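Here is what each chain is made of, one letter per residue.
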Amino acid sequence: MADPDPISALFVESFNLDLAELHSAARVALPSNGNHGDVLELQDDEGNFISFVPADASPEMVAIAYRLYGQGLNHGVRVGEAAAWAKLRYLIGAAAAGDPA
């Protein structure tokens, strides 16, 4: 794979500095597939890919998109936890109801 364009790398570094100034944990990177003409990879605070964002998006919009992603992720986790607890309560109740002791 060819080395990334230094201007593109500088753009990404500047974009990430702008995100940090906004107190956002979001980070962007050049797409790993090497095709970075008009998009950037939006990444979480651990460097995991989330989605592509337009390269001409403002850091403020990317920060908002990341915040919405985080809210959706947290909501999904809470829903999953609630479902798991409900299933566990059901299983405990079914076991207690079936116990002839």
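Structure shown above.
Okay, so let's go over this structure.

Right, let's talk about the pairing of strand β2 (residues 39–43) for a bit. Summarising burial for β2: four of the five residues are buried, a large majority. In this structure, strand β1 (residues 27–29) lies alongside β2, joined through three bridges in antiparallel fashion. Its bridge partner being in β2, Ala29 is matched across the sheet by Glu41. In this sheet, strand β3 (residues 49–54) lies alongside β2 in antiparallel orientation, the contact comprising five bridges. From the neighbouring strand, Leu42 faces β3, where its bridge partner is Ser51. As consecutive antiparallel partners, β2 and β3 are separated by five residues, and within that stretch Gly47 has a phi angle of approximately 85 degrees, a positive value.

Right, let's talk about the environment of Val39 for a bit. Mapped onto the elements of the fold, Val39 is located in strand β2. Those residues in contact with Val39 that lie beyond four places of it in its chain are Pro31, Phe52, Val53, Pro54 and Ala55.

With that settled, the discussion passes to the sheet that holds β3. Each strand in a sheet pairs with another by means of backbone hydrogen bonds, the pair being arranged parallel or else antiparallel. Taken in spatial order, the three strands of this open sheet run β1-β2-β3, and their pairing is antiparallel. In the strand order of this sheet, the two ends are held by β1 and β3, each with one partner. Neighbour-to-neighbour, the strand axes of this sheet turn through a mean angle of 35 degrees, independent of strand direction. Sheet strands touched by helix α1 (residues 6–21): β1 and β2. Its angle to β1, the strand with the most contacts, is close to 170 degrees.

Our focus in this paragraph is α1. Taking 1.5 Å as the rise per residue, α1 with 16 residues should run 22 Å; its terminal C-alpha atoms sit 23 Å apart, in good agreement. Among the residues of α1, those classed as buried are Ser8, Val12, Phe15, Asn16 and Leu19. Across the axial projection of α1, the buried residues extend over an arc of 100 degrees, all falling on one side. In α1, those exposed residues whose orientation departs by more than 90 degrees from the buried face are Pro6, Ile7, Leu10, Leu17 and Glu21. One or two residues past the end of α1 sits His23, with phi positive at roughly 60 degrees.

Procedures and definitions
- Residues numbered from 1 in each chain as written.
- Predicted model: local features only at pLDDT ≥ 70, side-chain atom pairs only at ≥ 80, totals over all residues.
- Heavy atoms only, no water.
- Buried < 20%, exposed > 50% of the residue type's maximum accessible area, 1.4 Å probe, protein only.
- Helix = DSSP H or I, 4+ residues; strand = E, 2+ residues; numbered from the N terminus.
- Pairing = 2+ DSSP bridges.
- Contact = heavy atoms within 4.5 Å.
- Axes fitted to C-alpha atoms, helices over the stretch in contact; angles between N-to-C directions.
- Expected span 1.5 Å × (residues − 1).
- Arc of directions from axis to C-beta.

Don't take any of this as a statement about function, it's just geometry.
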